[in-house]
Amino acid sequence: MRAARLLAGAAVLGAALAVTAPAQELTVAAGAGGFFPSHREYRLVYGLGQVWTGEVWFKLKGPVGLAAGFERLSDKGAAVPLDGGDEVYPLEFRRTSVPLVVFYQIEAGPAAFRLGAGLGVHSYRETWRTVDLDFEGRKVSPRLVLAVFVAPVERLSLFCRASAGSIRTGEGSFLAPNIDIGGFQVVGGLAFRIF
């Protein structure tokens, strides 16, 4: 339900921008892909992840535009004691991100390349399922984006987006004092141009 509200909010933001600015193009997109964490300790516990995304791309007249979206990452992993015990503690990790990006578009035949930079607003929670431990927080971090849109038909496009960002939590242990839950992600999906 919370995801639907955030996606609806991003769509409303795109529509509000369309009303107040000289719009050239408004596109909504949905996709899924892989998350490749940058921090070694995160990879050891959770491995690679899967991310789901919904996005609104609002291109102004000329090559500049704005993008907003919603991303959901959900991973399962396990922690083991540092003293070599046999216990295994199952973990769940969820991260919700709302990226806000300014982009520059380069046309290349049927493809459009969008290079962007901006911020991500992140909410995350790690739950230890067999013991009473939860860690959660919110962070804002920089974000870099490269997206490619290819339109096989007039309003429908295939898209692929790569993004990178560091999300340092300030939390950790003596082995990893400042866990980074960010990394590199590649998603693909469908985009529909409204106008």
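About the criteria used
Here the residue numbers are simple positions, counted from 1 along each chain's written sequence. Owing to the predicted nature of the model, reporting of local features is limited to residues with pLDDT of at least 70; listing and counting of side-chain atom pairs is limited to 80 or more, with chain, interface and lining totals taken over all residues. Based on all heavy atoms of the structure, the side-chain values leave hydrogens and waters out of the count. Each helix is a run of DSSP H or I of at least 4 residues and each strand a run of E of at least 2, with the numbering of both proceeding from the N terminus. Whether two residues touch is decided by their heavy atoms; if any such pair falls within 4.5 Å, the residues are in contact. The term polar contact refers here to a pair of N or O atoms within 3.5 Å; inside protein, the definition further demands a hydrogen-donor-capable atom paired with an acceptor-capable atom, and it admits residues adjacent in sequence only when both atoms are side-chain atoms. Pairing of aromatic side chains here covers Phe, Tyr and the six-membered ring of Trp, requires ring centres within 6.5 Å, and sorts the geometry by plane angle: under 30 degrees stacked, over 60 edge-to-face, intermediate tilted. Remark: exposure states derive from per-residue accessible area (1.4 Å probe, protein chains only) relative to the maximum for the residue type, with buried under 20%, exposed over 50%, and partly exposed in between. Working definition of a nonpolar core: buried Ala, Val, Leu, Ile, Met, Phe, Trp, Tyr and Cys residues. They are joined through side-chain atoms within 4.5 Å. Each salt bridge in this description consists of a side-chain nitrogen of Lys or Arg and a carboxyl oxygen of Asp or Glu lying within 4 Å of one another.

Brief notes about the environment of Arg-43
Alright, step 1. Within the fold, Arg-43 resides in helix H2 (residues 40-46).
Alright, step 2. For Arg-43 and Ile-181, which are 138 residues apart along the polypeptide, the C-alpha to C-alpha distance reads 9.6 Å.
Alright, step 3. Arg-43 has contacts with Pro-37 and Ser-38, leaving out every residue within four places of it along the chain.
Alright, step 4. Only 3.0 Å separates the side chain of Arg-43 from the backbone oxygen of Ser-38, close enough to count as a polar contact.

Remarks on the packing of aromatic side chains
Alright, step 1. Throughout the structure, instances matching the rule amount to nine aromatic pairs.
Alright, step 2. Relative to Tyr-42, the ring of Phe-35 has its centre 5.8 Å away and its plane inclined at 90 degrees; by these criteria the two rings are edge-to-face. Summarising the burial analysis for this pair, Phe-35 and Tyr-42 share the class buried.
Alright, step 3. Seen from their ring centres, Tyr-42 and Phe-93 are 5.5 Å apart, and the 85 degrees between their planes marks the pair as edge-to-face. On the criterion of sequence distance, the pair formed by Tyr-42 in helix H2 and Phe-93 in strand E4 (residues 89-108) is long-range, its members being 51 residues apart.
Alright, step 4. For Tyr-42, a relative accessible area of 4% puts it in the buried group.

A few points about the nonpolar core
Alright, step 1. Judged by nonpolar contacts, the single largest core of 13 residues is most densely connected at Trp-57, Ala-67, Phe-149, Phe-159 and Ala-191.
Alright, step 2. Taken together, the elements giving at least two residues each to this core come down to strand E2 (49-60), E4, strand E6 (133-150) and strand E8 (183-193).
Alright, step 3. Tallying contributions element by element places E6 first for this core, with three residues.
Alright, step 4. Judged by nonpolar contacts, the second largest core, of twelve residues, contains Tyr-42, Leu-73, Ala-79 and Phe-93.

Digging into the pattern of salt bridges
Alright, step 1. Applying the stated criterion to the full structure yields six salt bridges.
Alright, step 2. Between Arg-129 and Glu-92 there is a salt bridge whose closest N-O contact spans 3.4 Å. Remark: Glu-92 occurs in strand E4 and Arg-129 occurs in the loop between strand E5 (111-128) and E6; sequence separation between them is 37 residues.
Alright, step 3. Taking the shortest distance from any N to any O, the salt bridge between Asp-134 and Arg-125 comes out at 2.4 Å.
Alright, step 4. By relative accessible area, which is 38% here, Asp-134 ends up partly exposed.

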